[in-house]
Amino acid sequence: MTRYPQMKPLNSLNFSGGPGALPESVLQQAQESIIEVPEVGLSVLGISHRSDWFAAVVTELENNFRILLGLSRDYHVLFLQGGATQQFSMVPMTLLRGKTSPAEYLHTGYWSGKALAEARREGQVRVVWSGESSGFRRLPDDAELSFSPDAPYLHYISNETVEGLQFHRVLGRDDVPRVCDMSSDFLSGPCKAERYSLIYAHAQKNIGPAGVTIVLLRDELLQDVPVGLPGFLDYRNHIQAHSNFNTPPVFSIYVILLITRWLINDIGGLTSMARINRIKADLLYGLLDGSDGFYRGRAQRSDRSMMNVVFGLKTPEMEKQFLAETQAAGFSGLSGHRAIGGMRASIYNGLTGYAVEKLVAFMEDFQRHHAKK
Ligand SMILES: *Cc1c(COP(=O)(O)O)cnc(C)c1O
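Residues numbered from 1 in each chain as written. Predicted model: local features only at pLDDT ≥ 70, side-chain atom pairs only at ≥ 80, totals over all residues. Heavy atoms only, no water.

**Re the environment of Arg120**
Quick note on the threshold: Helical segments are the DSSP runs of H or I of at least four residues, strand segments are the runs of E of at least two, and each set is numbered from the N terminus. Note on definitions: a residue-residue contact is assigned when non-hydrogen atoms from the two residues lie within 4.5 Å.
Take Arg120: it is sitting in helix H4 (residues 110-120). For the pair Arg120 and Leu96, spaced 24 residues apart in sequence, the C-alpha separation works out to 9.5 Å. In this structure Arg120 touches Val125 and Val127, once residues within four positions along its chain are discounted.

Here it is in structure tokens:
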């Protein structure tokens, strides 16, 4: 028996791990654009990707990324398809194929395991550190890491979405290109983008709908690209075509533009965004830590993610009860990734502090009712 009247999920209480919640004001503009983009008079779903309007969208969006991240002209800003998964392949195809020394990878969770498997198809890989034996509950500290100066590149994931682990520093050597999958924390705060040679992030966790992957890449990385890559998988073709090599997902790219305008104009940039995200994360982790072990945070404290708060309860039955009651109370997306179970509250940019306060109040209430049992 649930103590809440059955209700539909509330969009404002969407804690989904991905696709993630987007800000209300952006959803409203996106809705409007489906009927008519004001400055064009057409539905965004029927505007040509060869139109002047779309060229202006791409130019403004690219520029917004440069403003938000302080990115110089040494970097290309690309909007690609195929998700982060395609980057798992495109990166080693471009940077590892034909090389004699191994690329270096960190194995810190579910998604880096996927990246690693794809890299191994292309060449030699050295796993610098693996968290597998500790159940991916922590990240390495600097004393556990040693990097080779001969590696063609170092690859790691800034935020392991499934396990809720986040690096709060930049790794690796300055003389080896850093490649980073930032899919689940991109634009959640400043990221020192210029210390990386290649950053990729699909849109659907933190900055828009599925269908687009942002790639920021330093020009000098492409000096030695193997011959014979399929055209679609050659970054140079996308650079030359200004991300218009084939029909791009116009709608998704437009929504990301709206998100970047929101970040710049409404939020006031990435430092402000980080401050807001920190407040949300502190609320939730504070609750876990103050719960006398009723709620159990999964990640080691120093490595906790500001985006994905992963936790469990004492028994699987209690977890089932928790999920049923959150659902009945209008919360959505709180079950953990299918690979590890438990619970995960994803608190991406678009999720409000109000929603986190609601969840915290719910969790306190749940504990009061169930702690004694
Ligand atoms: C979700 C996720 C992926 C998978 O992305 P797709 O766009 O579905 O290919 C890869 N990396 C990270 C860090 C993720 O969170």
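**Topic: a nonpolar patch on the surface**
For the record, the criterion: The patches described consist of residues with a relative accessible area above 30% and no salt bridge, like charges being joined within 9 Å and nonpolar side chains (Val, Leu, Ile, Met, Phe, Trp, Tyr) within 5 Å. Working definition of accessibility: Shrake-Rupley area with a 1.4 Å probe, residue cover restricted to the visible protein chains. Definition used for salt bridges: Asp or Glu carboxyl oxygen within 4 Å of a side-chain nitrogen of Lys or Arg.
On the surface, Ile34, Ile35 and Leu45 cluster together to form a nonpolar patch covering roughly 320 Å² of accessible area. Along the chain, Ile34 turns up in helix H1 (residues 24-35).

**Things to note about the pairing of strand S9 (residues 213-218)**
The side chains of a regular strand alternate, residue by residue, between the two faces of the sheet. Our working definition: Each residue is placed in one exposure class: buried if its accessible area under a 1.4 Å probe, protein chains only, is under 20% of its type's maximum, exposed if it is over 50%, and partly exposed if it falls in between. When DSSP finds at least two bridges between two strands, those strands are taken to pair.
Counting buried residues along S9, six of its six residues qualify, which places the element largely inside the surrounding structure. Every second residue of S9 is oriented toward a common face, with Thr213, Val215 and Leu217 on one face and Ile214, Leu216 and Arg218 on the other, all of them buried. Bridging between strand S8 (residues 198-202) and S9 involves five bridges; their strand directions are antiparallel. Residue pairing in the sheet places His202 in a bridge with Thr213 of S9.

**A few points about the environment of Arg296**
Selection criterion: Within 3.5 Å is the distance limit for a polar contact, defined as a pair of N or O atoms, with the added protein rule that one can donate a hydrogen and the other accept it, and that residues adjacent in sequence qualify only through two side-chain atoms.
Locating Arg296 in the fold gives a position in strand S10 (residues 296-297). When the C-alpha positions of Arg296 and Ser51 are compared, they lie 52 Å apart, and in sequence the two are 245 residues distant. Contacts of Arg296, omitting those with residues within four sequence positions, involve Val310, Phe311, Gly312, Leu313 and Lys314. Within the structure, Arg296 has its side chain in polar contact with the backbone oxygen of Gly293 (distance 3.0 Å).

**Description of unusual backbone geometry**
Note that the residue after Gly18, namely Pro19, is joined by a cis bond; omega there is -10°. Following the sequence through the fold, Pro19 ends up in the segment before H1. Even without being glycine, Leu187 reaches a positive phi, approximately 65°. By secondary structure assignment, the location of Leu187 is in the loop between strand S7 (178-181) and S8. Despite not being glycine, Ser243 shows a phi value in the positive range, around 60°. Mapping Ser243 onto the fold places it in the loop between helix H5 (235-240) and helix H6 (250-267). Given a relative accessible area of 5%, Ser243 falls into the buried group.

**Structural notes on the side chain of Asn349**
If you trace the backbone, Asn349 turns up in the loop between strand S12 (343-346) and helix H9 (353-370). Asn349 sits in the buried class, given a relative accessible area of 4%. Only 2.9 Å separates the side chain of Asn349 from the side chain of Asn277, close enough to count as a polar contact.

**Thoughts on the site of the ligand**
To keep it simple, the criterion reads: One heavy atom suffices: a residue is near a molecule or strand as soon as one of its heavy atoms comes within 4 Å of it. Residue classes follow a fixed rule: Ala, Val, Leu, Ile, Met, Phe, Trp, Tyr, Cys and Pro count as nonpolar, while Asp, Glu, Lys and Arg count as charged, and any other residue, Gly among them, counts as polar.
Close to the ligand lie 14 residues, the nearest being Thr85, Thr161, Asp181, His202 and Lys205. Ala84 places a polar main-chain atom, nitrogen or oxygen, 3.2 Å from an oxygen atom of the ligand. Gln204 is positioned with one of its side-chain polar atoms (N or O) 2.9 Å from an oxygen atom of the ligand. Look at the ligand: alone it shows 390 Å² of surface, and the protein chains cover 88% of it. Counting residues per element, the shell around the ligand draws most heavily on helix H3 (residues 83-95), which supplies four residues. The residue inventory of the shell around the ligand, partitioned by class, reads four nonpolar, eight polar and two charged.

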